[in-house]
Amino acid sequence: MNLAQVERFVAIPYDEQTFDCADLVVLVQHALFGRSVQMPGRRPRGAEGQAALGELSRAYARRTAAPQDGDLVLMIDHGQKRPGHAGVFFFLAHEGWVLHTNERNCCSVLHRVRDLPDYGLRIEGVYRWA
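Calculation rules
Residues numbered from 1 in each chain as written. Predicted model: local features only at pLDDT ≥ 70, side-chain atom pairs only at ≥ 80, totals over all residues. Heavy atoms only, no water. Helix = DSSP H or I, 4+ residues; strand = E, 2+ residues; numbered from the N terminus. Expected span 1.5 Å × (residues − 1). Buried < 20%, exposed > 50% of the residue type's maximum accessible area, 1.4 Å probe, protein only. Polar contact = N/O pair within 3.5 Å; in protein donor to acceptor, adjacent residues only side chain to side chain. Core = buried A, V, L, I, M, F, W, Y, C linked by side-chain atoms within 4.5 Å. Contact = heavy atoms within 4.5 Å. Salt bridge = Lys/Arg side-chain N within 4 Å of Asp/Glu carboxyl O.

Participant: Tell me about helix 2 (residues 21-33), and please be specific about residues and values.
Facilitator: For helix 2, which comprises 13 residues, the first-to-last C-alpha distance of 17 Å matches the rise-based estimate of 18 Å (1.5 Å per residue) to within 8%. Along helix 2, the positions that sit buried rather than exposed are C21, A22, D23, L24, V25, V28, Q29 and L32. Where helix 2 begins, the capping side chain belongs to D20, and its oxygen is found 3.1 Å from the backbone nitrogen of A22. After helix 2 finishes, the residue G34 shows a positive phi value of roughly 65°.

In structure tokens form, the structure reads like this:
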């Protein structure tokens, strides 16, 4: 994967009700990898949805210790006890990056894995699509 392919997904506006982190993951999986990831149509949104995201995602992927482009990244926001944030892993410029979106950023962003703690995020796990 190269940066130009991923950058087209940066700066997509975040909207809690219509385009959250799970929606970004689904979009990227389809557009870049041809995967049809179906999140439950009536999944909860907002804070409730974030709390349920980790459990909903586990049905679609299996934990991996060797991340590859397109893998699902589940993250824990500062002050939370369980994963409630998702992104997509990419290996760019010889290091790991995560594409994600949230209310804090107001749009989709690409962060180095090593910089996530600076944004109040820690990785719970990386998951390969089943």
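Participant: Tell me what's going on with the nonpolar core, and back it up with residues and numbers.
Facilitator: Counting 21 residues, the largest nonpolar core has V28, L72, F90 and L99 as its most contacted members. Residue assignment for this core shows that the elements contributing at least two residues are helix 2, strand 2 (72-77), strand 3 (85-92), strand 4 (95-101) and strand 6 (121-129). Top contributing element to this core by residue count: helix 2, with 5 residues. Every residue in contact with L99, bar those within four places of it in the chain, is listed here: V6, F9, V10, L24, V28, G87, V88, F90, V109 and L110.

Participant: Can you break down the environment of R112 residue by residue, with the values?
Facilitator: Relative to the helices and strands, R112 resides in strand 5 (residues 108-112). C-alpha of R112 to C-alpha of L99: the two residues are 13 residues apart in sequence and 8.9 Å apart in space. With residues up to four places along the chain from it excluded, the contact list for R112 reads E95, G96 and W97. Engagement of the side chain of R112 in a polar contact is seen with the side chain of E95, the distance being 3.0 Å.

Participant: Tell me about the pattern of salt bridges, and name the residues and values.
Facilitator: Counted according to the given criterion, the structure contains 6 salt bridges. In this structure, E95 engages R114 in a salt bridge whose closest nitrogen and oxygen atoms are separated by 2.8 Å. A residue pair is termed long-range when its members are at least 10 positions apart, and E95 in strand 4 and R114 in the loop between strand 5 and strand 6 qualify at 19 residues. By relative accessible area, which is 56% here, R114 ends up exposed. A salt bridge links R112 to D115, with the shortest nitrogen-to-oxygen separation between them at 3.7 Å. Looking at D115, the relative accessible area reads 19%, which means it is buried. It is possible to trace a salt-bridge network through shared partners that takes in E95, R112, R114 and D115.

Participant: Break down the side chain of Q29 for me, with residues and values.
Facilitator: Within the secondary structure layout, Q29 lies in helix 2. For Q29, the residues in contact, after removing those within four places along its chain, are G34, R35, V37, G70, V88 and W129.

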